[in-house]
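# Breakdown of the fold
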Amino acid sequence: MPEMPEVETIRRTLADKVAGRKIIRVDIGLPRLVKWPTAAEFQAVLTDRTITKLVRRGKYLLFYLDNNYVLIIHLRMTGRLYYKTPGSEFDKFTHILFKLDNGDILLYADTRTLGTLYLMPEEELWRIAGLASMGPEPLSAEFTLEYFADMLSKRRAKIKTVLLNQKLIGGLGNIYVDEALAIACIDPERIASSLTAQEANYLHQAINQVIAAGIAHGGTTFRDYRDGAGQSGSHQRYLQVYGRTNEPCQRCGGIIARKEVAGRGTHYCPNCQK
DNA sequence: ACATGCACCTGGATGC
DNA sequence: TGCATCCAGGTGCATG
């Protein structure tokens, strides 16, 4: 479900509410969501811990605790985190409750139950391979044009596959990859190393542009995604190609097409994207 | 080392 | 209404 702009929006809507709050009780309805350690240990170590800060890395959320432990959550496709006051209605797919010392609740809900939760000391975060090996994020100081162009020149996979690889760039997902390729007018099936310097430059700018816009609009809501307060995002109104199959391209008036690339539904304008 | 395909899950939309 | 099929903001693992 959520890509970097959605996870960042969730972080922003939760950070001030959970920082400084003590977790007084953890209820786990679906233990298999807890990947490390056991659900019982997870519950025991978290109880009576205070959240000091909430950090995002790629699509991961990291809740730092006052005992040097970190609660790590990856929402995968349909995970949701909500801050709830007592008496408000709970999500039908709620699986884990974190009860806080002010009576409020941080709630984890997940329709497809593919999300993952971990708890470990900060110095053991390397155990989470996807987190430890993540590449630079769009909009970060490390995501330079030099890094991007050099990395592309070494890859013989399709450009879409490369952009989705979290080891190479952290935080992009299916929506923002399709959008960035549309803005840069690049065919998603182009071999990464075949991009010219100018195309790499356009694409680098397009990636930063769509991610910044996604964050500014509070994320993209197609079905499941909501922020920490339960609100939908609005970036779906600004999409050029994603979810617009058979609609006219805003650039050329041609028809937006859909096909499978890198095992994912891919939306593009066959006329504009070469 | 690197690329691809499938498994992991459930539910909503669509078509017959 | 019922049933089958397809599709879904992601990633990890087996395989070649």
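All values derive from a computational prediction rather than experimental measurement. (Residues numbered from 1 in each chain as written. Chains lettered and ligands numbered in written order. Predicted model: local features only at pLDDT ≥ 70, side-chain atom pairs only at ≥ 80, totals over all residues. Heavy atoms only, no water.)

### With respect to the overall build of chain A
To be explicit about the condition: The numbering of helices and of strands both runs from the N terminus, where a helix is a DSSP run of H or I of at least 4 residues and a strand a run of E of at least 2. Each residue gets one of three labels from its accessible area relative to the maximum for its type: buried under 20%, exposed over 50%, partly exposed in between, using a 1.4 Å probe on protein chains only. Throughout, a contact is declared for two residues whenever any of their heavy atoms are within 4.5 Å. Computed with a 1.4 Å probe, the accessible areas rest on the Shrake-Rupley method; for each residue, only the protein chains presented here act as cover. In this count, Lys and Arg are taken as positive residues and Asp and Glu as negative ones, while His and the chain termini are left out. The atom standing in for a charge is NZ when the residue is Lys, CZ when it is Arg, CG when it is Asp and CD when it is Glu.
For chain A, the count of helices and strands is seven helices and 11 strands. In terms of overall dimensions, chain A has a C-alpha envelope of 55 × 35 × 30 Å along the principal axes. The buried share of chain A, reckoned over its 274 residues, is 51%. The contacts in chain A between residues at least 6 apart in sequence include a share of 63% that link residues at least 24 apart. As displayed, chain A offers around 12100 Å² of accessible surface, 48% of which is attributable to carbon and sulfur atoms. On chain A, the mean spot of the 36 positive side-chain charges and the mean spot of the 29 negative ones are 4 Å from each other.

### A short note on the packing of helix 1 (residues 4–18) against helix 7 (residues 197–216)
Between two packed helices, what matters for the description is the angle formed by their axes and the separation of those axes. Cut-off, in case you're wondering: All axes are obtained by fitting lines to C-alpha atoms, using only the stretch in contact for helices, and the reported angles, taken between N-to-C directions, cover 0 to 180 degrees. Helix crossings fall into two classes, left-handed where the near helix is turned counterclockwise from the far one by less than a right angle and right-handed where it is turned clockwise. All amino acids are sorted into three groups, where Ala, Val, Leu, Ile, Met, Phe, Trp, Tyr, Cys and Pro are nonpolar, Asp, Glu, Lys and Arg are charged, and the leftover types, Gly among them, are polar.
At their nearest, the axes of helix 1 and helix 7 sit 8 Å apart, and the two run at 35° to each other. The hand of the helix 1/helix 7 crossing is right-handed. Where helix 1 approaches helix 7, its residues Met4, Pro5, Glu8, Thr9 and Arg12 are matched on the opposing element by Ile211, Gly214 and Ile215. Class assignment for the residues of the contact of helix 1 with helix 7 results in four nonpolar, two polar and two charged.

### Things to note about the protein's contact with DNA strand B
Counted only if it meets this: One heavy atom suffices: a residue is near a molecule or strand as soon as one of its heavy atoms comes within 4 Å of it. Each polar contact in these results corresponds to two N or O atoms within 3.5 Å; when the atoms are within protein, one needs to be able to donate a hydrogen and the other to accept it, and residues that are neighboring in sequence are counted only if both atoms are side-chain atoms.
Taken together, Phe93, Thr111, Arg112, Thr113, Leu114, Arg155, Arg156, Ala157, Thr161 and Arg223 are the residues near DNA strand B. Of all atoms in DNA strand B that approach within 4 Å of the protein, 65% are sugar or phosphate atoms. Note that a base oxygen of DNA strand B is positioned 2.8 Å from one of the side-chain N or O atoms of Arg112. Within the contact set of DNA strand B, a phosphate oxygen lies 3.3 Å away from a backbone nitrogen or oxygen of Ala157. For the surface near DNA strand B, a count of residues per class yields three nonpolar, three polar and four charged.

### What about the packing of helix 6 (residues 174–183) against helix 7?
Operational definition: Working definition: roughly parallel below 35 degrees, roughly antiparallel above 145 degrees, roughly perpendicular at 65 to 115 degrees, and oblique for all remaining angles.
Running from N to C, helix 6 and helix 7 cross one another at 130°; their axes reach a closest spacing of 8 Å. Taken together, the axes of helix 6 and helix 7 lie oblique to each other. When the axes of helix 6 and helix 7 are compared, the crossing they make is right-handed. For the pair formed by helix 6 and helix 7, the contact residues are Tyr176, Glu179, Ala180, Leu181 and Ile183 on the first element and Leu203, Ala206, Ile207, Gln209, Val210, Ile211 and Gly214 on the second. Taken together, the residues of the contact of helix 6 with helix 7 break down into nine nonpolar, two polar and one charged.

### Regarding the domain arrangement of chain A
How we decide: An automatic or database domain assignment provides the domain bounds reported here. Here, a salt bridge means any side-chain nitrogen of Lys or Arg that lies within 4 Å of a carboxyl oxygen of Asp or Glu.
Segmentation of chain A into domains returns domain 1 (4–132) and domain 2 (145–268). Here domain 1 and domain 2 have C-alpha centroids that lie 28 Å from each other. With 17 residues of domain 1 in contact, the opposing surface of domain 2 contributes 19 residues. Seen at the junction of domain 1 and domain 2, the total is one salt bridge. Among the ionic pairs, Asp224 bridges to Arg80, the shortest N-O distance being 3.7 Å. Our count for the contact surface shared by domain 1 and domain 2 stands at six residue pairs in polar contact (both at pLDDT 80 or more). When contributions to the side of domain 1 that touches domain 2 are tallied by element, the ones reaching two or more residues are helix 1 and strand 6 (79–84). For the side of domain 1 that touches domain 2, the class distribution of residues is seven nonpolar, five polar and five charged.

### Digging into the sheet that holds strand 1 (residues 22–28)
Put simply, the rule reads: The rule for pairing is simple: two strands pair if DSSP sees at least two bridges between them.
If you trace the nine strands from one edge of the open sheet to the other, you get 2-9-5-4-3-1-7-8-6, paired in mixed fashion. The open sheet is flanked by strand 2 (34–36) and strand 6, the only strands paired with a single partner. This sheet shows a mean twist of 30° between the axes of neighbouring strands, independent of strand direction. Where strand 6 and strand 8 (residues 105–110) come together, six bridges link them in antiparallel fashion. Paired with Gly79 across the strands is Asp110, a residue of strand 8. Where helix 1 meets the sheet, it contacts strand 3 (49–57), strand 4 (60–65), strand 6 and strand 8, and its direction lies at approximately 155° from that of strand 3. Contacts between helix 2 (residues 39–46) and the sheet are confined to strand 1, strand 2, strand 3, strand 4, strand 5 (69–74), strand 7 (94–100) and strand 9 (116–121), with strand 1 contributing the most and set at about 160° to the helix.

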